[in-house]
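Given next are the chains, with one letter for each unit.
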Amino acid sequence: MMTFVGCDDLVLYRIHLRNSPNFHVSYAGGNGFTVWGVIINTPKSALNGDGINIGQPWPEVARGTSNVTITQCYIHAGDDNVAIKSRTGSLTSHVTVSHSHFYAGHGMGTGSSTAGGIANVRFSDITLDGTSAGILMKGNNKLGAEVRDVEYDDVCIRGAGSPISIYTHSDSSGHHEVDATETNKTPHYTDIRLNNVTVQGGSRIMLDGLDASHHLGVSFHNVVLDHPEAVRVTADHADVQLDGSNIAV
């Protein structure tokens, strides 16, 4: 519905978007983007109906995306509520998502395409109520690169079947995210931090590093499940630090 490529110092303020045929908001290749008080409302069945998509430029735009703020928004989406991505040669960095409420949708996080790298991302003071996934970071060896320094702080997730999923073997074909040059891109996630996260319900947590040479590095500080006995946790090629959390890894 709204696509911005190569735009600097852009603000979306108190607008209401409904029923986009694809992504509602897409921004990439620019420096300085603020989304403040925006409401997005689309059916949860809407294919590729992402709420806000950051860092996925057109193929001819080889410029990074930086200094993005998304705050005080309400998003009911058909796909990812907020997705942070990048393309080869185009780092996405310094993104803050805060003080927002997400309802139907696939959650918030990074990927699938991270081929240009993602760094310095902050999610804080977020509630997710009824999303299919909560914290969602995904990639594969066609779409990956280094994803580092990503923090989730003060997050409440309710009713998500997969409240925390960080994995590097996504089965996404990436048909709308890559071209023939986007191959053999190794995903590597380090310094991923979850602080003060509360999970109500849920059935699965997945932590999946690529291989023995590319471990996932993640820490959990005060991450609390209301029914830990009901949540299945899988961790492969993952270095996990636990502090004040009741997750059995």
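Residues numbered from 1 in each chain as written. Predicted model: local features only at pLDDT ≥ 70, side-chain atom pairs only at ≥ 80, totals over all residues. Heavy atoms only, no water.

## What to know about the overall build of the protein
Each helix and strand counted, the protein has zero helices and 21 strands in total. Relative to the globule expectation of 18 Å for 249 residues, the C-alpha radius of gyration of the protein, 17 Å, shows essentially globular dimensions. Each principal axis of the C-alpha distribution contributes one length, and for the protein these read about 45 × 40 × 30 Å. Put simply, the protein has 249 residues, and 53% of those count as buried. Residue pairs in contact within the protein that sit at least 24 positions apart in sequence constitute 79% of those at least 6 positions apart. Accessible surface for the protein amounts to roughly 10,200 Å². Of this, 48% is attributable to carbon and sulfur atoms. (Helix = DSSP H or I, 4+ residues; strand = E, 2+ residues; numbered from the N terminus. Rg over C-alpha atoms; globule rule 2.2 N^0.38 Å. Buried < 20%, exposed > 50% of the residue type's maximum accessible area, 1.4 Å probe, protein only. Contact = heavy atoms within 4.5 Å. Areas by Shrake-Rupley, 256 points an atom, 1.4 Å probe, with all protein chains shown as cover.)

## What to know about empty space enclosed by the protein
Counted under the stated rule, the structure contains one cavity of 30 Å³ or more. For the largest cavity, the calculated volume is near 40 Å³. Looking at the largest cavity, the residues that line it are Asp80, Val82, Ala83, Gly107, Met108, Gly109, Thr110, Gly111, Leu136 and Lys138. Secondary-structure elements contributing two or more residues to the lining of the largest cavity are β10 (82-86), β12 (108-114) and β14 (133-138). The element contributing the most residues to the lining of the largest cavity is β12, with four residues. A breakdown of the residues in the lining of the largest cavity according to their chemical character gives four nonpolar, four polar and two charged. (1 Å grid on protein atoms, 1.4 Å probe; cavity = no way out; pocket = protein on both sides within 12 Å on 5 of 7 lines; lining within 4 Å. Points joined across faces, edges and corners; volume = space filled by probe spheres on them. Nonpolar A, V, L, I, M, F, W, Y, C, P; charged D, E, K, R; others polar.)

## Considerations on unusual backbone geometry
Cis geometry is found at the peptide bond from Gly111 to Ser112, where omega equals 10 degrees. Tracing the backbone through its elements, the reader meets Ser112 in strand β12. Even without being a glycine, Asn48 presents a positive backbone phi close to 55 degrees. For Asn48, the position within the fold is in the loop between β6 (39-41) and β7 (52-54). When its relative accessible area of 17% is taken as the criterion, Asn48 is described as buried. Although it is not a glycine, Gln72 sits at a positive phi angle of roughly 55 degrees. Along the chain, Gln72 turns up in the loop between β8 (65-71) and β9 (74-76).

## A closer look at the sheet that holds β14
In a beta sheet, neighbouring strands are held together by backbone hydrogen bonds and run either parallel or antiparallel to one another. Ordered in space as β1-β4-β7-β10-β12-β14-β16-β18-β20, the nine strands form an open sheet in which the pairing is parallel. Each edge of the open sheet carries a strand with a single partner, namely β1 (2-5) and β20 (232-236). Between one strand and the next, the sheet's axes are offset by a mean angle of 15 degrees, whatever the strand orientation. Both strand β18 (residues 204-208) and β20 contribute to a ladder of five bridges, which runs parallel. Opposite Asp208, over in β20, you have Asp236 as the bridge partner. (Pairing = 2+ DSSP bridges. Axes fitted to C-alpha atoms, helices over the stretch in contact; angles between N-to-C directions.)

## Brief notes about the packing of aromatic side chains
Taken as a whole and judged by the stated rule, the model has four aromatic pairs. Arranged with centres 6.1 Å apart and planes meeting at 90 degrees, the rings of Tyr13 and Trp36 form a pair that is edge-to-face. Of this pair, Tyr13 sits in strand β2 (residues 10-13) while Trp36 sits in strand β5 (residues 31-36), placing them 23 residues apart in sequence. Note on Tyr27 and Phe33: the rings are 4.1 Å apart at their centroids and 10 degrees apart in plane angle, and the pair reads as stacked. Across the pair, Phe33 and Tyr27 agree in class, each one buried. Members of the aromatic cluster, connected to one another through ring pairs, are Phe4, Tyr27 and Phe33. (Phe/Tyr/Trp six-rings, centres within 6.5 Å; stacked < 30°, edge-to-face > 60°.)

## Focus: the nonpolar core
Counting residues in each nonpolar core, the largest one holds 52 residues, and the members touching the most others are Tyr152, Ile192 and Leu194. In contact with Tyr152, other than residues within four places in its own chain, are Met108, Gly109, Phe123, Ile135, Met137, Ile192, Arg193, Leu194, Asn195 and Val197. (Core = buried A, V, L, I, M, F, W, Y, C linked by side-chain atoms within 4.5 Å.)

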